[in-house]
Amino acid sequence: MIKVILAHVLFLTVCAIPVNGERHKVWRQFGYEAFAAGKAHGIAIAADGTLRPAAALDSFATVDAERIWDLAQGDDGTIYAATGDDGRLYSIDENGASTLLFDSPEVSLHALAIGQDGTLYAGSAPDGIVYKLPRNGQPTVLAHTGSHYVWDLAFDGRGRLYAATGEPANVLRIDADGQIEEVFSPDDRHIISLLFIDDTLYAGSAQKGRVYEVGDGNGRLLFEAAQEEIHALVSDAEGVLYAAAISGEGSDQSTALFRTETSGSTYEWWRDGSAQLRDLARANDALLVATDDGRIVQLNAAAQPSLLAHGDDFKTNRMLRAADESIYLASAHTGQLRRLGPARSEGHYESKVEDVGGHAQWGRVEWRGSGVAVQTRSGNSAEPDATWSDWSTAESQSGAAIESPAARYIQYKVSLKGRDAHLTDLTLYAQRANLPPHIASLEVQPYRTPQARGANQQQQPSAQNQRSTNPPQSRSLYLLRWQASDPNDEELVYDLYLRGEDQKQWKKAHEGEERSSLLWDTATMPEGWTQLKL
């Protein structure tokens, strides 16, 4: 009778063999998506991932308001700001000096439009009034829309004024005497945005997230987004329509841009899952997106993003492209108005935290660029806290040794200084501690032959051919199964040894086994106890 002694506990640390180099870790950062996972402070991220000093957010003006809802520019260069939560209208001259033009009885002025004669129009909430402010004249009520909100105003090519309203949702045409004509009344809660492309009017709604092509007395549905609101509409020089769709409060932070070709076909063009879109503007051959986490993102014709600026203390609510192509940014939480200025001469970037999977010694850090200084810090918690090391001394030479102490997590900071400073990629090297593999179990069971499928079944090969998928049929067969793991996440191979009861030397029965089970034919083993070593 063959008896078996399992010796895996005694030999588990030497016989499970790692076969690849998982202990050597390389963290390579390049491309927009990789760098966008970190935090840029005065740093721009180009579409190809190159880091450079970002455009400055120059302070231009400040008005007495909780937020700025809309901006418009007159033909003389004056900028007008519609604000909340006191419903005030300001004019701002070329030097940033502001003047209160109108202190309305409303809570908010949400929308502005300027007529061909320079008359300024403002839409309000919660009474849904459209005000008229003639050039050098006094403000008057032009029309009561019958809705609670006037969200947008737009002129057609014939100089006729249109209003987008909410609660209830309407597209209205208002003549010079304040007479209102209902153009379109959809089954939505709000019409948020209006846009004329040539003579065609488009409207974006909230509640159902729809874009309509609006005609007199009717509206044709172009598409319905999964998001709840079409927050903004713009077009490019070719007449292609772009619609910004955002989710409602309390839902996910999904923001998507849809593109509608001149043929009418619509598809999702770009998506950002990390923040809500605040506004959308056209800038030359690109689109600018302002998000609620303070980013200004530029999208090129291929929808490739570039981070132009990131305001740590400034969240944009509205953008204005001025006649001289300057971009003005209005605050969502204050009365500040800023302007995108020339590139800074310096800034810094903090990477995301990298988990190398275990305790590691750090090697060197390499990069390509100029005007670069790199620092690192490390720790054993997933987020940097008081237990982490301080930032290391700045290194300005690529290939320098990483000075941070051994740990599981690491983060780097890049400082750029100089007008031509840039970084294209960065690589950090580490070596994890070589921890021993662990064999948790080794079982030996008589092999149960599968039931034959028929009389014509082919004869099974011998047990010596372990690579066959058809095991032999014999009472001398045993099934060996084991469980093992490696803390370095390395792939393991196994050696199996046998030794008879009176034998002193181990005999290697299997070498380099990649599977975690095999068949053992005991027919050739002597009677008595047999020891197995895995």
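The shown structure was predicted, so the numbers you read here are calculated from the model rather than taken from an experiment.

Description of the sheet that holds strand S32 (residues 316–321)
Right, on to step 1. The strand order across the open sheet formed by four strands is S7-S34-S33-S32, and the pairing between neighbours is antiparallel. Both outer strands of the open sheet, strand S7 (55–62) and S32, are each paired with one neighbouring strand and no more. Looking at each pair of strands side by side, their axes are set apart by 30° on average, direction ignored.
Right, on to step 2. Looking at chain direction, S32 and strand S33 (residues 327–331) are connected through five bridges and run antiparallel. Opposite arginine 318, over in S33, you have alanine 330 as the bridge partner.

Remarks on the environment of valine 150
Right, on to step 1. Structurally, the position occupied by valine 150 is in strand S16 (residues 149–155).
Right, on to step 2. Taking the C-alpha atoms as reference points, valine 150 and alanine 122, 28 residues apart in sequence, are found 8.6 Å from one another.
Right, on to step 3. Apart from residues no more than four positions distant in its own chain, valine 150 is found in contact with His110, Ala111, Gly123, Ser124, Gly128, Ile129, Val130, Thr145, Ala163, Ala164 and Thr165.

Topic: the sheet that holds strand S45 (residues 517–521)
Right, on to step 1. The strand order across the open sheet built from three strands is S41-S42-S45, with neighbouring strands paired in antiparallel fashion. Edge positions in the sheet fall to strand S41 (438–446) and S45, since each of these pairs with one other strand and no more. The average undirected angle you get between the axes of adjacent strands in this sheet is 20°.

Side note on the packing of aromatic side chains
Aromatic rings in a pair are described by how distant their centres are and how their planes are angled relative to each other.
Right, on to step 1. If you walk through the whole model with that rule in mind, you get twelve aromatic pairs.
Right, on to step 2. Ring centres 5.3 Å apart and planes at 70° place the aromatic pair tyrosine 162 and phenylalanine 196 in the edge-to-face group. Here phenylalanine 196 lies in strand S20 (residues 190–197) and tyrosine 162 lies in strand S17 (residues 161–166), a separation of 34 residues in the sequence. Taken as a pair, tyrosine 162 and phenylalanine 196 share a single burial class, namely buried.
Right, on to step 3. With a centroid separation of 5.4 Å and 65° between ring planes, the pair formed by tryptophan 482 and tyrosine 494 is classed as edge-to-face. Taken together, the residues span a long stretch of sequence, with tryptophan 482 in strand S42 (residues 477–485) and tyrosine 494 in strand S43 (residues 492–500) at a distance of twelve residues. An identical accessibility class is assigned to tryptophan 482 and tyrosine 494; each is buried.

Considering the side chain of glutamate 350
Right, on to step 1. Secondary-structure assignment places glutamate 350 in strand S35 (residues 346–350).
Right, on to step 2. An unpaired buried charge is present at glutamate 350: no salt bridge exists, and arginine 377, the closest side chain of opposite charge, is 4.5 Å distant.
Right, on to step 3. Ignoring anything within four residues of it in the chain, the contact list for glutamate 350 reads Gly38, Lys39, His41, Arg377, Trp391, Gln411, Tyr412 and Lys413.

Here we look at unusual backbone geometry
Right, on to step 1. Following glycine 84, the chain continues into aspartate 85 via a peptide bond in cis, with omega recorded as 15°.
Right, on to step 2. Within the fold, aspartate 85 resides in the loop between strand S9 (79–84) and strand S10 (88–92).
Right, on to step 3. Residue alanine 125 is joined to proline 126 through a cis peptide bond whose omega torsion reads 15°.
Right, on to step 4. Even without glycine at this site, glutamate 167 takes up a positive phi of about 55°.
Right, on to step 5. Here glutamate 167 shows up in the loop between S17 and strand S18 (170–174).
Right, on to step 6. Located in the positive-phi region is glutamine 207, a residue other than glycine, with phi close to 105°.
Right, on to step 7. By the element assignment, glutamine 207 lies in the loop between strand S21 (200–206) and strand S22 (210–215).

Some remarks on the nonpolar core
Right, on to step 1. Grouped together as the largest cluster of nonpolar side chains are 43 residues, with contacts concentrated most on Leu257, Leu280, Tyr412, Leu423 and Leu426.
Right, on to step 2. Apart from the residues within four sequence positions on either side, leucine 257 is in contact with Ala243, Ala244, Tyr267, Glu268, Trp269, Trp270, Leu277, Leu280, Val289 and Leu299.
Right, on to step 3. Listed in part, the 15 residues of the second largest apolar core include Phe60, Ala61, Val63 and Leu71.

What to know about the confidence of the model for the chain
Right, on to step 1. Model confidence for the chain is summarised by a mean pLDDT of 88, while 90% of its residues fall at 70 or above.
Right, on to step 2. Segment residues 5–21: pLDDT under 50, and 45 contacts once partners within four positions in sequence are set aside and those in other chains are kept.
Right, on to step 3. Segment residues 455–468: pLDDT under 50, and 20 contacts once partners within four positions in sequence are set aside and those in other chains are kept.

Considerations on the pattern of salt bridges
Right, on to step 1. Applying the stated rule across the entire model yields 25 salt bridges.
Right, on to step 2. The residue glutamate 224 makes a salt bridge to arginine 210 at a minimum N-O spacing of 3.0 Å. Placement of the pair is glutamate 224 in strand S23 (residues 218–224) and arginine 210 in strand S22, with a sequence separation of 14 residues.
Right, on to step 3. Here glutamate 224 falls in the partly exposed class, since its relative accessible area comes to 45%.
Right, on to step 4. Here arginine 481 makes a salt bridge to glutamate 443, at a shortest N to O gap of 3.6 Å. In this pair, arginine 481 sits in strand S42 while glutamate 443 sits in strand S41, placing the two residues 38 residues apart along the sequence.
Right, on to step 5. For arginine 481, a relative accessible area of 38% corresponds to the partly exposed category.
Right, on to step 6. Look at the salt bridges and you will find they share partners, linking Asp64, Arg88 and Asp103 into a network.

As for the side chain of glutamate 513
Right, on to step 1. Topologically, glutamate 513 is positioned in strand S44 (residues 507–513).
Right, on to step 2. Here glutamate 513 falls in the buried class, since its relative accessible area comes to 3%.
Right, on to step 3. Side chain to side chain, glutamate 513 and arginine 515 meet in a polar contact 2.9 Å long.

About the criteria used
- As a convention, each chain's residues are numbered from 1 in the sequence order in which they are written.
- Residues qualify for local features only when their pLDDT is at least 70, as the model is predicted, and side-chain atom pairs are given and counted only at 80 or more; totals for whole chains, interfaces and linings, by contrast, use all residues.
- The side-chain quantities take in all heavy atoms of the structure and omit both hydrogens and water.
- Only strands joined by at least two bridges in the DSSP assignment are considered to pair.
- Helix numbering and strand numbering both begin at the N terminus, where a helix is a DSSP run of H or I of at least 4 residues and a strand a DSSP run of E of at least 2.
- For helices, the fitted line uses only the C-alpha atoms of the stretch in contact; every axis is such a line through C-alpha atoms, and the angle between N-to-C directions lies from 0 to 180 degrees.
- Note on contacts: a residue pair qualifies if any of its non-hydrogen atoms lie within 4.5 Å across the two residues.
- Aromatic pairing here means that ring centres of Phe, Tyr or Trp (its six-membered ring) are within 6.5 Å. Orientation follows from the plane angle: under 30 degrees is stacked, over 60 is edge-to-face, and everything else is tilted.
- With a 1.4 Å probe rolled over the protein chains alone, any residue whose accessible area is under 20% of its type maximum counts as buried; one over 50% counts as exposed, and the rest are partly exposed.
- Counted as positive: Lys and Arg. Counted as negative: Asp and Glu, with His and the chain ends omitted from the count.
- We define a salt bridge as a contact between a side-chain nitrogen of Lys or Arg and a carboxyl oxygen of Asp or Glu at a distance within 4 Å.
- Joining through side-chain atoms within 4.5 Å is the link that ties buried Ala, Val, Leu, Ile, Met, Phe, Trp, Tyr and Cys residues into a set, and such a set is a nonpolar core.
- Here pLDDT means the predictor's own confidence in every residue, given as a number from 0 to 100.
- The definition of a polar contact used here is a pair of N or O atoms within 3.5 Å, where within protein one atom must be able to donate a hydrogen and the other to accept one, and adjacent residues in sequence count solely through side-chain atom pairs.

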